[in-house]
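# A look at the structure
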Amino acid sequence: QVQLVESGGGWVQPGGSLRLSCAASGRDFSFIGMAWYRQAPGKQRELVASISGFGTLTYADSVKGRFTISRDNAKNMVYLQMNSLKPDDTAVYYCNARYEGGYWGQGTQVTVSS
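Below, the structure is looked at part by part. Nothing here was measured: the structure is a model prediction, and the numbers come from that model.

### Considering the state of the cysteines
Scanning the model with the defined rule gives one disulfide in all. At a sulfur-sulfur separation of 2.1 Å, the disulfide partner of Cys22 is Cys95. Torsion about the S-S bond of the Cys22 and Cys95 cystine: about -85°, corresponding to left-handed handedness. Taken together, the residues Cys22 in strand β3 (residues 18-25) and Cys95 in strand β9 (residues 91-97) connect sequence positions 73 residues apart. Take Cys22: its relative accessible area is 0%, and that puts it in the buried class. With relative accessibility at 0%, the residue Cys95 sits in the buried group.

So this is what it looks like as structure tokens:
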């Protein structure tokens, strides 16, 4: 019954912002590490950001200063605030839980173009 459901993707112009949400269910994820990955056409899946159960944050160099990962443990929610978006940010974004080998959301498309 463990499930991750993503939302918030869409199309934006360069310089715009989006906030992705990941709703986790099936158990309390408060102390489980969570992460956002992305995969663009023709490229390998890459880690974008992560947040540990203790709140330790990591970011890919390409998104530092523009993206922010956060969580609301009371709601079992994880967010990715994306600002100053660039065309190179275009990808399918996936939520990941570091639990029992890893759980993944279905992915949400983010497209940045004029």
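Past the structure itself, the notes keep going.
### Quick look at the pairing of β9
Counted residue by residue, β9 has five buried out of seven residues, so it is predominantly covered. Pairing of strand β4 (residues 34-39) with β9, which is carried by six bridges, proceeds in the antiparallel orientation. Following the sheet pairing, Tyr37 is matched in β9 by Tyr94. Taken together, the three bridges between β9 and strand β11 (residues 108-112) define a ladder with antiparallel strand orientation. Within β11, the position partnered with Val92 by the bridge is Gln109. In this structure, β9 lies alongside strand β10 (residues 103-104), joined through two bridges in antiparallel fashion. By the bridge assignment for β10, Ala97 is matched with Tyr103. Linkage of β9 to β10, two consecutive antiparallel strands, is achieved through a turn of five residues, within which Glu100 is found at a positive phi near 50°.

The rules behind these values
- Residues numbered from 1 in each chain as written.
- Predicted model: local features only at pLDDT ≥ 70, side-chain atom pairs only at ≥ 80, totals over all residues.
- Heavy atoms only, no water.
- Disulfide = S-S within 2.5 Å.
- Helix = DSSP H or I, 4+ residues; strand = E, 2+ residues; numbered from the N terminus.
- Buried < 20%, exposed > 50% of the residue type's maximum accessible area, 1.4 Å probe, protein only.
- Pairing = 2+ DSSP bridges.

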